[in-house]
Structure formats: structure tokens, C-alpha cells
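Working through the structure, step by step
These are the residues of each chain, in order.
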Amino acid sequence: IETLSFVRGDSSEDLEELVKMADVIIHLAAENRSKVATDFSRNNVDLTSMLCAFIQRTGRNIPLIFTSSVQAQYDNPYGQSKRAAEVLIETFAAKTKNTAIIYRLPGVFGKFCKPYYNSVVATFCHNIARDLPLQVNDPDLTIELCYVDDVVDELLLALGKSSPGLLKCDVRQKYSITLRDLADQIAAFKNCSTSLMLERVG
């Protein structure tokens, strides 16, 4: 497998050339933190629209795997933009019969996640490790999480799918936990060095 990367700062011309060379596209790009509302539309909706148009121009079935978010069901700028991108892909797949696979991901945790950006787990780990306060508005709120390696495994499985049209998939391994229990568990890991009691993992 040869990976061709399109990243922030690359041009639309770069994207079109990469699409021409691609056999499968995994669309991970998204704006999920911005104080400017138009950033969500430009980076989540417009980019997806451009990508679909470039695939269609090739005249080939280039499977498109899109990572959406459970936020797509909520009425906030990020969620609205992710849902709009889903609709674009659904329309594109129906019109062209191009393979399109949509994953609505819950909160992803694990290596490479950034605190104060895209992972409550990373934020809690960062603050607890540094004895910084946690801001938890609703400690009893249950959240759903998935581990980054399980997401990667799902995407690798999706590489082999080429049925025409739209397919909506889910990461099979997910975890539910309240914010209170999440904070307590991470604090317990930190306290292992003083309590000398190892927490369960896995």
C-alpha cells in the first residue's frame, strides 16, 4: 500500500491530482475546533464537495471512506457541518453508484490525541497528570468512546469493500462510561505510584 497524503495547506489542484492516482480514499480531514463559524463549512462541507466532484471526474469507482462524527446528530456548527458532508456523500453515492462508506465515530481516545482539542480522555489525562483542575459540567453524563487502534482496524477492513453505492458502518468495539468514572479511573492510574495498587487495564 502506498499512501498519498493531502494535508492542511495543500491546494485544490494538489487534491485533484492525488484523486486521479488513488484507488481508495480515506477522508479524515475535519475542522472540529474554531471560533469562526465559516471554518466548519469551508473545511468540512466544501472540501467534501470538491472531493466528490474530483472522484466523479475520473469516471472510476474510487471507494470513499468518510469518518463522520456522532456530533452529526446535534445542532452545533461542527455537527451541522459533518451532517452536511454526510448528505453530500450520500447524494454522490446515489447518483454515481460510487462506493461510499460512512463511519459515525464516537469520541476517539489513545495515542496521538490532543488535550483541549479532540479527546476528553486526553484532556483529563493531561490535567490529572499535572494536578490541574477538571471542568466537568455534568459528571453523570455517559459518553461513548472507541480506541484509535480499533478505528484503524475498521478502516483497514473497509479498504476491501467495493460494493456500489452507500454503506454506513460502525466501529464494533466501543465503551460507555460516565465523565465522573472516567476522571476517577484516570486519577487512579496516576495514584498507582503512591498506593502501590495496580489498576486493571484492557
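Our structure's up above, just so we're on the same page.
Residues numbered from 1 in each chain as written. Predicted model: local features only at pLDDT ≥ 70, side-chain atom pairs only at ≥ 80, totals over all residues. Heavy atoms only, no water.

Focus: the sheet that holds strand β5 (residues 142-147)
Taken together, the 3 strands give an open sheet; going across it, the order is β4-β5-β7, and neighbouring strands pair in mixed fashion. The outermost strands of the open sheet, each flanked by one partner alone, are β4 (107-109) and β7 (175-178). The sheet shows a mean angle of 45 degrees between the axes of neighbouring strands, taken without regard to direction. As defined by bridge partners, β5 adjoins β7 across 4 bridges and the pair is classed as antiparallel. Across the sheet, E144 pairs through a bridge with S176, a residue of β7. The strands that helix α5 (residues 148-158) touches are β4, β5 and β7; relative to β5, the one it contacts most, it runs at about 60 degrees. (Pairing = 2+ DSSP bridges. Helix = DSSP H or I, 4+ residues; strand = E, 2+ residues; numbered from the N terminus. Axes fitted to C-alpha atoms, helices over the stretch in contact; angles between N-to-C directions. Contact = heavy atoms within 4.5 Å.)

With respect to the environment of Y147
Tracing the backbone shows Y147 in strand β5. Given the relative accessible area of 27%, Y147 is considered partly exposed. Along the sequence, Y147 and A30 sit 117 residues apart, while their C-alpha atoms lie 19 Å from each other. Not counting residues within four places of it along the chain, the set of residues in contact with Y147 comprises F109, G110 and K111. (Buried < 20%, exposed > 50% of the residue type's maximum accessible area, 1.4 Å probe, protein only.)

Things to note about the nonpolar core
By size, the foremost hydrophobic cluster in this structure holds 18 residues, and its most contacted members are V19, I25, L51, I55, L64 and I89. Mapped by element, the contributors of at least two residues to this core are α1 (12-21), α2 (37-58), β2 (64-69), α3 (77-96) and β3 (100-105). Considering every element that reaches this core, the biggest residue donor is α2, with 5 residues. Of all hydrophobic cores here, the second largest spans 12 residues; its members include I65, L105, C146 and V171. (Core = buried A, V, L, I, M, F, W, Y, C linked by side-chain atoms within 4.5 Å.)

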